[in-house]
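Structural characterization, general
Now for the letters of each chain:
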Amino acid sequence: MKDVRLLTSPFNPGTLIGPFTNAHPGLGGVCTFVGEVRGEADVELLELSHYEPLTLPSMEELAEQAIERFDLMGMLIVHRVGAMRPGEPIVCVSAAAKHRRGAIDAVDFAMDHLKSAAWFWKREKRNGEWYWIEPRADDYADLARWTD
């Protein structure tokens, strides 16, 4: 079972995790990661834009890859687009598996892909000015761990 969503308004990750966990009786472990807009002093907004025809289908494919690769019972990927303020959730990724290692690795795998091989463009507004944000070298190195 996969649940993949692309949202344009704020969400509460806590309201997603309970129903996701309850949908997988007999699981051995659930791992969840929630990414938020950093609250650095000069960040006013983070804006994510995307290429709509590609984004959601690609996120669904990522979930399917994780389910197969890590033998998951289920995968949840929720990602925001649009303008967000510091402290607001950007992404929630949760994996349910019979064993904890599969769930932990699946969330790490999904986040590495979302962070550096994703379908989003990011920019930050700091001190009234907009700045484009590119993936860092470390993000690409994290992604490279998953190549076979």
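To start, this report covers the structure provided alongside it.

Parameters and conventions
Residue positions are counted from 1 within each chain, in the order its sequence is given. Only residues with pLDDT of 70 or above have their local features reported here, since the model is predicted, and side-chain atom pairs are shown and tallied only from 80 upward, although totals for entire chains, interfaces and linings are computed over all residues. The side-chain values count all of the structure's non-hydrogen atoms but skip hydrogen atoms and water molecules. Helix and strand definitions here come from DSSP, where helices need a minimum of 4 consecutive H or I residues and strands a minimum of 2 consecutive E residues; each element is numbered from the N-terminal end. In this description the radius of gyration comes from C-alpha coordinates, and the expected globular size is given by 2.2 Å times residues to the power 0.38. Summary of the burial criterion: residues with accessible area below 20% of their type's maximum are buried, those above 50% are exposed, and those between are partly exposed, where the area comes from a 1.4 Å probe applied to protein chains only. The criterion used for residue contact is that any of the two residues' heavy atoms lie within 4.5 Å. The sign given to each residue is positive for Lys and Arg and negative for Asp and Glu; His and the chain ends receive no count. Where a charge sits is defined by one atom per residue type, namely NZ (Lys), CZ (Arg), CG (Asp) or CD (Glu). Structural elements are reduced to axes, namely lines fitted to C-alpha atoms, with helices fitted over the stretch in contact, and the angle between N-to-C directions of any two is expressed from 0 to 180 degrees. Oblique is the label for every angle not falling under 35 degrees (roughly parallel), over 145 degrees (roughly antiparallel), or within 65 to 115 degrees (roughly perpendicular). Here a crossing is taken to be left-handed if its near helix is turned anticlockwise relative to the far helix by less than a right angle, and right-handed if that turn runs clockwise. When the centres of two rings from Phe, Tyr and Trp lie within 6.5 Å, Trp using its six-membered ring, the rings pair. Their planes under 30 degrees apart give stacked, over 60 give edge-to-face, and anything left gives tilted. Note on criteria: charge over ring means Lys NZ or Arg CZ within 6 Å of the ring centre, with the direction from the centre no more than 35 degrees off the ring normal.

**Remarks on the overall build of the chain**
- Across its full length, the chain holds four helices and eight strands.
- Relative to the globule expectation of 15 Å for 148 residues, the C-alpha radius of gyration of the chain, 15 Å, shows essentially globular dimensions.
- With respect to the three principal axes, the spread of C-alpha positions in the chain is 50 × 35 × 30 Å.
- Taking all 148 residues of the chain together, 39% fall into the buried category.
- Sequence separation of 24 or more characterises 76% of the internal contacts of the chain that already satisfy a separation of 6 or more.
- Positive and negative side-chain charges of the chain, numbering 16 and 23 respectively, have mean locations separated by a distance of 3 Å.

**Things to note about the packing of helix α2 (residues 52–69) against helix α3 (residues 100–116)**
- It is the contact of α2 with α3, at a shortest axis distance of 10 Å, that shows an interaxial angle of 150 degrees. With respect to α3, the element α2 is oriented roughly antiparallel. Here the hand of the crossing between α2 and α3 comes out right-handed. Two secondary-structure elements touch here, α2 through Met59, Leu62, Gln65, Ala66 and Arg69 and α3 through Ala106, Phe109, Ala110, His113 and Leu114.

**Quick notes on the environment of Arg136**
- For Arg136, the location among the structural elements is in the loop between β8 (129–133) and α4 (137–144).
- Given the relative accessible area of 48%, Arg136 is considered partly exposed.
- When the C-alpha atoms of Arg136 and Met1 are compared, they prove to be 32 Å apart, with 135 residues separating the residues in sequence.

**Some words on the packing of aromatic side chains**
- Counted under the stated rule, the structure contains three aromatic pairs.
- Plain terms: the ring middles of Phe70 and Phe109 are 5.4 Å apart, the flat faces sit at 65 degrees to each other, and that makes the pair edge-to-face. With Phe70 in the loop between α2 and β4 (72–80) and Phe109 in helix α3, the pair connects residues that are 39 residues apart, well separated along the chain.
- Its relative accessible area of 12% is what places Phe70 among the buried residues.
- Taken together, the ring pairs in this structure connect Phe70, Phe109 and Trp146 into an aromatic cluster.
- Its guanidinium or amino end placed over the ring of Trp130, Arg123 lies 3.9 Å from that ring's centre, counting from NZ or CZ.

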